[in-house]
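# Commentary on secondary and tertiary structure
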Amino acid sequence: MLLPSDRLSPRSPAQLDERARAVYDRIIASRSQGRTSPFPLTAADGALVGPFNAMVTAPHVGGPLAELGAALRYQGQLSGRARELAILTVAARNDSAFEWQSHVGIARNLGITDDVIDAIAGGVEPSVLADPVERTVVSATTSLVAGSELTDGEYEELARLIGEEAVIELVVLVGYYELLARLLRVFRVAG
């Protein structure tokens, strides 16, 4: 069950000004165009949950942030599996229950096994990943979340496997989900 934030009041659509309502509408639209969300985006009163409530609370930064998230999720070059493995790695390393709960179902729907999910949850790079791209994405994400830059060898291997444009996408994806994890922690949004 998703709980309200201890620090940030939920805002129903009726409570939103014009700018905030425009961000709200974009968030809902970007996540519902022919897609079913594996987690609820709104509470019973229509207020956005998780990091999305912060986005409508500060629409001048929340709007661009929501657009970045939609671009990473729906317009990126990374495969869905590689993207979700990276997101789960960020969520696990940041102890972000909301991100974890929101994305573990997506990962399972993409065929990522419980063995892999459990390894990531336990802070272990899953050795059972057969795909070299997925293994390398998890390894690179682990390095990035640990605060290190990629070594020359890590960068070269990642760029060889996914290309430079997708490397940029992965670095931005990791930063985006780390930012969401921070929003969730600061505003004490429960998972």
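Here's what I pulled together on the structure shown here.

### Section: a nonpolar patch on the surface
A contiguous nonpolar surface patch, about 240 Å² in accessible area, is contributed by Leu68, Ile168 and Val172. Along the chain, the position of leucine 68 falls in helix 3 (residues 59–74). By relative accessible area, leucine 68 is classed as partly exposed at 33%.

### Considerations on the nonpolar core
Counting 39 residues, the largest nonpolar core has Ile27, Met55, Val56, Leu158, Leu170 and Leu173 as the members making the most contacts within it. Put simply, the parts of the chain that give this core at least two residues each are helix 1 (18–30), helix 2 (51–57), helix 3, helix 4 (80–93), helix 7 (132–145), helix 8 (152–162) and helix 9 (164–186). At nine residues, helix 9 tops the list of elements feeding residues into this core. Apart from residues lying up to four places away in sequence, isoleucine 27 is in contact with Leu48, Phe52, Met55, Val56 and Ala66. Of all hydrophobic cores here, the second largest spans 12 residues; its members include Val104, Val116, Ile120 and Leu129.

### Let's talk about the side chain of threonine 141
Tracing the chain through its elements places threonine 141 in helix 7. Classification of threonine 141 by relative accessible area gives buried; the value is 0%. Among all residues touching threonine 141, those that are not within four sequence positions of it are Ala86, Thr89, Val90, Leu170 and Val174.

### With respect to unusual backbone geometry
We note that aspartate 95 has phi near 50 degrees; this positive angle belongs to a residue other than glycine. If you trace the backbone, aspartate 95 turns up in the loop between helix 4 and helix 5 (97–109).

### Observations concerning the side chain of glutamate 99
Checked against the element boundaries, glutamate 99 lands in helix 5. A distance of 3.4 Å separates the side chain of glutamate 99 from the backbone nitrogen of alanine 181, its partner in a polar contact.

### Observations concerning the packing of helix 4 against helix 7
Contact geometry of helix 4 with helix 7 gives a least axis separation of 9 Å together with a crossing angle of 30 degrees. Classed by the angle they form, the pair helix 4 and helix 7 counts as roughly parallel. Helix 4 and helix 7 meet at a crossing whose hand is right-handed. Residues Arg81, Ala82, Leu85, Ala86, Thr89, Val90 and Arg93 of helix 4 form the contact with helix 7, whose participating residues are Glu134, Val137, Val138, Thr141, Thr142 and Val145. Of the residues that constitute the contact of helix 4 with helix 7, the class distribution is seven nonpolar, three polar and three charged.

### Digging into the environment of glutamate 125
Its location among the elements puts glutamate 125 in the loop between helix 6 (114–121) and helix 7. In this structure the C-alpha to C-alpha distance between glutamate 125 and tyrosine 155, which are 30 residues apart in sequence, comes to 17 Å. If sequence neighbours within four positions are ignored, glutamate 125 has contacts with Val138, Ser139 and Thr142.

### Some thoughts on the packing of aromatic side chains
Scanning the model with the defined rule gives one aromatic pair in all. A centroid spacing of 4.9 Å and a plane angle of 85 degrees characterise the contact between tyrosine 176 and tyrosine 177, whose relative ring orientation is edge-to-face. Summarising the burial analysis for this pair, tyrosine 176 and tyrosine 177 share the class buried.

### Quick look at the pattern of salt bridges
Considering all chains together, one arrives at seven salt bridges under this definition. In this structure, aspartate 25 engages arginine 21 in a salt bridge whose closest nitrogen and oxygen atoms are separated by 2.8 Å. Within this pair, aspartate 25 and its partner arginine 21 are both found in helix 1, separated by four residues, close to a single helical turn. Look at arginine 21 and you get partly exposed, because its relative accessible area is 33%. Between arginine 83 and glutamate 84 there is a salt bridge, with its nearest N and O atoms 3.3 Å apart. Residue classification places arginine 83 among the buried positions, given a relative accessible area of 11%.

The rules behind each value
Residues numbered from 1 in each chain as written. Predicted model: local features only at pLDDT ≥ 70, side-chain atom pairs only at ≥ 80, totals over all residues. Heavy atoms only, no water. Patch = residues over 30% accessible without salt bridge, like charges linked within 9 Å, V, L, I, M, F, W, Y side chains within 5 Å. Areas by Shrake-Rupley, 256 points an atom, 1.4 Å probe, with all protein chains shown as cover. Salt bridge = Lys/Arg side-chain N within 4 Å of Asp/Glu carboxyl O. Helix = DSSP H or I, 4+ residues; strand = E, 2+ residues; numbered from the N terminus. Buried < 20%, exposed > 50% of the residue type's maximum accessible area, 1.4 Å probe, protein only. Core = buried A, V, L, I, M, F, W, Y, C linked by side-chain atoms within 4.5 Å. Contact = heavy atoms within 4.5 Å. Polar contact = N/O pair within 3.5 Å; in protein donor to acceptor, adjacent residues only side chain to side chain. Axes fitted to C-alpha atoms, helices over the stretch in contact; angles between N-to-C directions. Parallel < 35°, antiparallel > 145°, perpendicular 65-115°, else oblique. Left-handed = near helix turned anticlockwise from the far one by under 90°. Nonpolar A, V, L, I, M, F, W, Y, C, P; charged D, E, K, R; others polar. Phe/Tyr/Trp six-rings, centres within 6.5 Å; stacked < 30°, edge-to-face > 60°.

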